Amino acid sequence: NTLDKIHNVVDSVKRETGKDIDWHDIYVNRINDEKTFEIFSNGFTQNVFQFSGGDMTKFVKSLKPTCIQDIYAANALYRPATMNLGYHEDYVEMKHGRKEVEYDWGMEEITKDTYGIMCYQEQMMQAVQKIGGFSLQESDAVRKAMGKKNRELMDSYKSRFIDGAVGNGCDKFEAIKIWNDIEQGAGYGFNLSHAAAYGLESYVTAYLKAHYPTHFY
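About the cut-offs
- Residues numbered from 1 in each chain as written.
- Predicted model: local features only at pLDDT ≥ 70, side-chain atom pairs only at ≥ 80, totals over all residues.
- Heavy atoms only, no water.
- Helix = DSSP H or I, 4+ residues; strand = E, 2+ residues; numbered from the N terminus.
- Buried < 20%, exposed > 50% of the residue type's maximum accessible area, 1.4 Å probe, protein only.
- Contact = heavy atoms within 4.5 Å.
- Lys, Arg positive; Asp, Glu negative; His and termini not counted.
- Charge placed at Lys NZ, Arg CZ, Asp CG, Glu CD.
- Axes fitted to C-alpha atoms, helices over the stretch in contact; angles between N-to-C directions.
- Left-handed = near helix turned anticlockwise from the far one by under 90°.
- Nonpolar A, V, L, I, M, F, W, Y, C, P; charged D, E, K, R; others polar.
- Expected span 1.5 Å × (residues − 1).
- Arc of directions from axis to C-beta.
- Core = buried A, V, L, I, M, F, W, Y, C linked by side-chain atoms within 4.5 Å.
- Parallel < 35°, antiparallel > 145°, perpendicular 65-115°, else oblique.

> Sorry, what's going on with the overall build of the chain here?
For the chain, the helix and strand inventory stands at 14 helices and zero strands. Walking the chain from its N terminus toward its C terminus, one meets helices and strands in the order α-α-α-α-α-α-α-α-α-α-α-α-α-α. Over its C-alpha atoms, taken along the principal directions, the chain stretches across nearly 65 × 35 × 30 Å. Counting only residues that meet the buried cut, the chain has 45% of its 217 residues in that class. Within the chain, contacts between residues at least 6 apart in sequence are counted, and of these 61% link residues at least 24 apart. Separation between the mean location of the 25 positive side-chain charges and that of the 31 negative ones in the chain comes to 4 Å.

Put into structure tokens, the structure is as follows:
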């Protein structure tokens, strides 16, 4: 698996050069490494965890990530449901300023790192909580109901969300739109903790490839 490969590279560097690499230090103190992001941006992603597929390589070349949040988002967005909605393309266009970023009412703080797109389940839960007035525990119940496609329960949550949003100052039409986006997102929503864990493994492998290519191969 990927962790075994990382350890093998680290062991090779130690054996051949005597240099100790603390690979945890890579994603703590070397998370903005330019050479690593060039690996992604130039499409040199063969054997980089989660990014070695042909289509994924094309996507990350168009994305040209410049921060670890871009790597997280790429993991979450490059999946069938989000691709069918065109969200992966929207993210690229907005990142590079070719499309204007638009935030729904109350959503800027929640989606500021993802250009107004709800990439993660946690963002949907935040929207339910902050806009609709649900408690954190209740927002998790909404997530579970969406995942199970419990229509009767979802309808009851919908009316409550809209009433809560309107009570907080949101226009009813926009409250309905936000709810529909949340409900639609439940069909593809990726967990941020998973996206981050995958993204960090991807970053570490790309870092090792960028700085220790001989040992990497």
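> Honestly, helix α5 (residues 68–77) in this entry has me stumped. Any pointers?
An α-helix turns once per 3.6 residues; consequently, residues spaced three or four apart project the same way. Counting buried positions along α5 yields nine of 10 residues, so the element is predominantly enclosed. When α5 is considered as a whole, its buried residues turn out to be Ile68, Asp70, Ile71, Tyr72, Ala73, Ala74, Asn75, Ala76 and Leu77. Residues of α5 that are buried make contact with α3 (34–41), α4 (54–63), α6 (80–85), α7 (87–95) and α13 (192–211).

> How do you make sense of the environment of alanine 73 when you look at a structure like this?
Among the structural elements, alanine 73 can be located in helix α5. Measuring from C-alpha to C-alpha, the distance between alanine 73 and cysteine 119 comes to 6.8 Å, with 46 residues separating the pair along the chain. Excluding anything up to four places from it in sequence, alanine 73 contacts Tyr91 and Tyr120.

> For this particular structure, what's the right way to read the packing of α5 against α13?
A pair of packed helices is characterised by two quantities: the angle between their axes and the separation of those axes. As a packed pair, α5 and α13 sit with axes 8 Å apart at the nearest point and diverge in direction by 115°. In this structure, α5 meets α13 at a crossing whose hand is right-handed. Across the interface between the two elements, Ile68, Ile71, Tyr72 and Asn75 of α5 pack against Leu192, Ala195, Ala196, Tyr198, Gly199, Leu200, Ser202 and Tyr203 of α13. Within the contact of α5 with α13, the residues separate by chemical class into nine nonpolar, three polar and no charged.

> Help me understand helix α12 (residues 172–185), please; the structure alone is not making it clear to me.
A rise of 1.5 Å per residue sets the reference length of α12, with its 14 residues, at 20 Å; its end C-alpha atoms lie 20 Å apart and thus fit the reference within 8%. Among the residues of α12, those classed as buried are Ala175, Ile178, Trp179, Ile182 and Gly185. For α12, the arc enclosing every buried residue in end-on projection is 125°, short of the 170-degree limit, so these residues lie on one face. In this structure, the buried side of α12 is in contact with α9 (121–130), α10 (136–147) and α11 (151–167).

> Explanation requested: the nonpolar core in the structure shown.
Generally speaking, nonpolar side chains in soluble globular proteins are found buried as a group. Counting 66 residues, the largest nonpolar core has Ile26, Phe40, Phe51, Phe161, Ile182 and Leu208 as its most contacted members. The dominant element in this core, judged by the number of residues it contributes, is α13, at nine residues. When residues no more than four places from it in sequence are discounted, the contact partners of phenylalanine 161 are Ala127, Val128, Ile131, Gly132, Phe134, Ala175, Ile178, Trp179 and Ile182.

> I would appreciate a short explanation of the environment of alanine 210 in the present structure.
One can find alanine 210 in helix α13. Taking the C-alpha atoms as reference, alanine 210 lies 40 Å from aspartate 140; in sequence the two are 70 residues apart. Setting aside residues up to four positions removed in sequence, alanine 210 forms contacts with Lys35, Thr36 and Ile39.

> For this particular structure, what's the right way to read the packing of helix α1 (residues 2–17) against α13?
Where α1 contacts α13, the two axes come as close as 11 Å, and the packing angle between them is 30°. For the element pair α1 / α13, the angle class is roughly parallel. Viewed along their axes, α1 and α13 form a crossing whose handedness is left-handed. Contact residues: α1 offers Thr2, Leu3, Ile6 and Val9, while α13 offers Glu201, Val204, Thr205 and Leu208. Classifying every residue of the contact of α1 with α13 gives five nonpolar, two polar and one charged.

> Any chance you could explain the environment of isoleucine 21 here in plain terms?
By the element assignment, isoleucine 21 lies in the loop between α1 and α2 (23–29). Accessibility expressed as a relative area gives 14% for isoleucine 21, which makes it buried. Distance in space between the C-alpha atoms of isoleucine 21 and threonine 82 is 37 Å, their sequence separation being 61 residues. Ignoring any residue separated from it by four or fewer positions in sequence, one finds isoleucine 21 in contact with Val10, Val13, Ile26, Leu208 and Tyr212.

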